[in-house]
Structures are given as structure tokens and as C-alpha cells.
Amino acid sequence: MSWLPEDFEHPVHEPVLDGYHLRPIRADDTEIDYPAVMGSRERLWSLYGLPWSWPPATMTVEQDRVDLARHEREAEAHQSFNYAFLDTAEGALYGCVYIDPPERPGADADISWWVVDNLVGTPVGAALDAFVPKWIASRWPFAQPRYPGIDLSWEEWLALPE
């Protein structure tokens, strides 16, 4: 049994606020993803290092491309979703939203997101923070979404039974 209804169609473009939107990430986003990730690497490691061992300090552009290609395939197969947070021109990546099947009981999806360092604490970062839970509630078929790192710590999430 799939974690999503058979007829579910994932969103392909979601406006977040004027000038910014979400869309599924693609392998050809590497040129904008890599500098966003590595430019915010220390903070991202503080968020995702424990659960995902990501992003490694030694990550190469090619490793990032392979990772993004995997995310692209997983979205096409409805296995999990990684959305890029982009400006209208899509000349820079400003963050990502992850929508994953739950690895642990108590939810029907695990959702997390991040923005680049220079958007933390700004109106754009706050707009994404406000948007994601509303978007999940209105466009996704989840009854019990879980937000690791927000509604429970990653340590608490890791302590849940598998």
C-alpha cells in the first residue's frame, strides 16, 4: 500500500509570497542548490546532521547532483518529495521543503524545511515558515503530518520506535 492515495497529484508550482515559489527540485538545479547548501552548511548540519548526516563538509558538486537526481526520481515515483524554494527567475535557491513518508509511527508524513542563512529571521523566511503547514493541510492528503525539528526535536524523533 502506498503512503499516498493512488490518484494524488503532487503540486508542481506553489506560490509562497510575491516573487517566491516552491517546485519539485531537479538534478539540473545543482548549480543553484550547491552554493545554497554549502553556504549555509554549518547551520544545516546543526539541523540535519544528527538525523540525516547532511550536508557533509566534503560534499562535492557531483555528489549534490546525484542526490538531487535521486530526489527528482523519488518525486516522480511519489516516494518522497523535495521542493526547491526559488525566486521568480529561479536564479537562486533559497531553501527546500521535504515531504517524506514516516520512518517512525505516529504520523502519516514527516515534513521539514530550511532557508539559506541570510533569510533566517527575515519576512521571506517567516513567510515560508507560515506557508508550509497551511500548504500541507490544504493540498496534501495527510491526517497526521509531523514536523520534526518543530513539533518535536530531532532527538525525540530519533528516539521513536522504527
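Cut-offs applied
- Residues numbered from 1 in each chain as written.
- Predicted model: local features only at pLDDT ≥ 70, side-chain atom pairs only at ≥ 80, totals over all residues.
- Heavy atoms only, no water.
- Pairing = 2+ DSSP bridges.
- Helix = DSSP H or I, 4+ residues; strand = E, 2+ residues; numbered from the N terminus.
- Contact = heavy atoms within 4.5 Å.
- Axes fitted to C-alpha atoms, helices over the stretch in contact; angles between N-to-C directions.
- Phe/Tyr/Trp six-rings, centres within 6.5 Å; stacked < 30°, edge-to-face > 60°.
- Buried < 20%, exposed > 50% of the residue type's maximum accessible area, 1.4 Å probe, protein only.

A. Here's a closer look at the sheet that holds strand 4 (residues 93–100). Spatially, the 6 strands line up as an open sheet ordered 1-2-3-4-5-6, and their pairing is mixed. Edge positions in the sheet fall to strand 1 (14–17) and strand 6 (145–146), since each has one partner strand and no second. When strand 2 (residues 20–24) meets strand 3 (residues 81–87), the two strands line up antiparallel, connected through 5 bridges. Directly across from Leu-22, in strand 3, lies its bridge partner Phe-85. Taken strand by strand, helix 2 (residues 41–52) contacts strand 4 and strand 5 (109–115), and its axis lies near 155° from that of strand 5.

B. Examining the packing of aromatic side chains more closely. Counting across every chain of the model gives 22 aromatic pairs. Ring centres of Phe-8 and Trp-140 lie 5.0 Å apart, and the angle between their planes is 45°; on these two criteria the pair is classed as tilted. With Phe-8 in the segment before strand 1 and Trp-140 in the loop between helix 4 (123–139) and strand 6, this residue pair connects regions lying 132 residues apart in the sequence. Judged by its relative accessible area of 4%, Trp-140 falls in the buried class. Ring centres of Trp-52 and Tyr-98 lie 5.0 Å apart, and the angle between their planes is 80°; on these two criteria the pair is classed as edge-to-face. Taken as a pair, Trp-52 in helix 2 and Tyr-98 in strand 4 lie far apart in primary sequence, 46 residues in all.

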